[in-house]
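Examination of the molecular architecture
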Amino acid sequence: MRGKQVKEICEYAEKVIDDMNEAMVIVQAGGNGLLENGREATVNAIMKVVERKRKKNVRVAVTGLLRRPACNEEYERLRKEVNRDLYEKVLAMKAESIRKRDVGSSFLDMDDLIQAGCFLEDGIHLSQEKETKLSQRFIRWIRATHLLMEGRMD
């Protein structure tokens, strides 16, 4: 969904989750509209998707917003604040899920994979190599989550 704003991505994810039972969803919201929408609206839109899974047996992972070398310092500051807020909220939900022994949520931090040289010339979109690395990390989460859902891991 390249080029879509966080709100559009979250609305789409909500529809997808509504049609699922016992599934896994990775929400990789981009930063389009971050400066216009602000920290609170961005976090709320993403968390609405995560919380929707509570009504279903859907496990959700949130990647947080990816850095963008082409964007200004204000974007980067706001991106870090949003990711910190998301991490804290998802971690609290995960702790609650562990206590209840139900399906939980995860925060997948991708910042260690993303460096300045990982982007296409536009400075916003990732190169094919880094898209592949992100996909590999998603696959590891999916495999581990599947094992947990099947009761094969403690």
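Our structure is the block above this text.
Residues numbered from 1 in each chain as written. Predicted model: local features only at pLDDT ≥ 70, side-chain atom pairs only at ≥ 80, totals over all residues. Heavy atoms only, no water.

A count of helices and strands for the chain gives four helices and three strands. Looking at the chain as a whole, 42% of its 154 residues are labelled buried. By sequence separation, contacts in the chain at least 24 residues apart represent 75% of the contacts at least 6 residues apart. Summed over its atoms, the accessible surface of the chain is roughly 9,100 Å², and 48% of this surface lies on carbon and sulfur atoms. (Helix = DSSP H or I, 4+ residues; strand = E, 2+ residues; numbered from the N terminus. Buried < 20%, exposed > 50% of the residue type's maximum accessible area, 1.4 Å probe, protein only. Contact = heavy atoms within 4.5 Å. Areas by Shrake-Rupley, 256 points an atom, 1.4 Å probe, with all protein chains shown as cover.)

It is worth spelling out the environment of Ile9 at this point. Inspection of the secondary structure assignment puts Ile9 in helix H1 (residues 6–18). The sequence separation of Ile9 and Ala45 amounts to 36 residues, and the corresponding C-alpha distance is 9.2 Å.

This paragraph deals with the sheet that holds strand S3 (residues 105–107). The sheet built from three strands is open, its strands ordered S1-S2-S3 with parallel pairing. A strand with exactly one partner marks an edge of an open sheet, and here the two such strands are strand S1 (23–27) and S3. Strand after strand, the sheet turns through a mean of 15 degrees between neighbouring axes, direction not considered. Contacts between helix H3 (residues 73–100) and the sheet are confined to strand S2 (58–62) and S3, with S3 contributing the most and set at about 150 degrees to the helix. (Pairing = 2+ DSSP bridges. Axes fitted to C-alpha atoms, helices over the stretch in contact; angles between N-to-C directions.)

For the rest of this paragraph, the subject is helix H2 (residues 34–52). Here H2 contains 19 residues, and its C-alpha end-to-end distance of 22 Å is more than 12% below the 27 Å for a straight helix at 1.5 Å per residue. Its axis deflected by about 70 degrees at Glu40, H2 carries its strongest bend there. Among the residues of H2, those classed as buried are Leu34, Gly38, Thr42, Val43, Ala45, Ile46, Met47, Val49 and Val50. (Expected span 1.5 Å × (residues − 1). Bend = angle between axes of the 7 residues up to and from the residue.)

Among the structural elements, Leu65 can be located in the loop between S2 and H3. Along the chain, Leu65 and Met110 lie 45 residues apart, while their C-alpha atoms are 8.6 Å from each other. Apart from residues no more than four positions distant in its own chain, Leu65 is found in contact with Val6, Ala29, Gly30, Gly31, Leu34, Thr42, Ile46, Arg79, Val82, Asn83 and Asp111.

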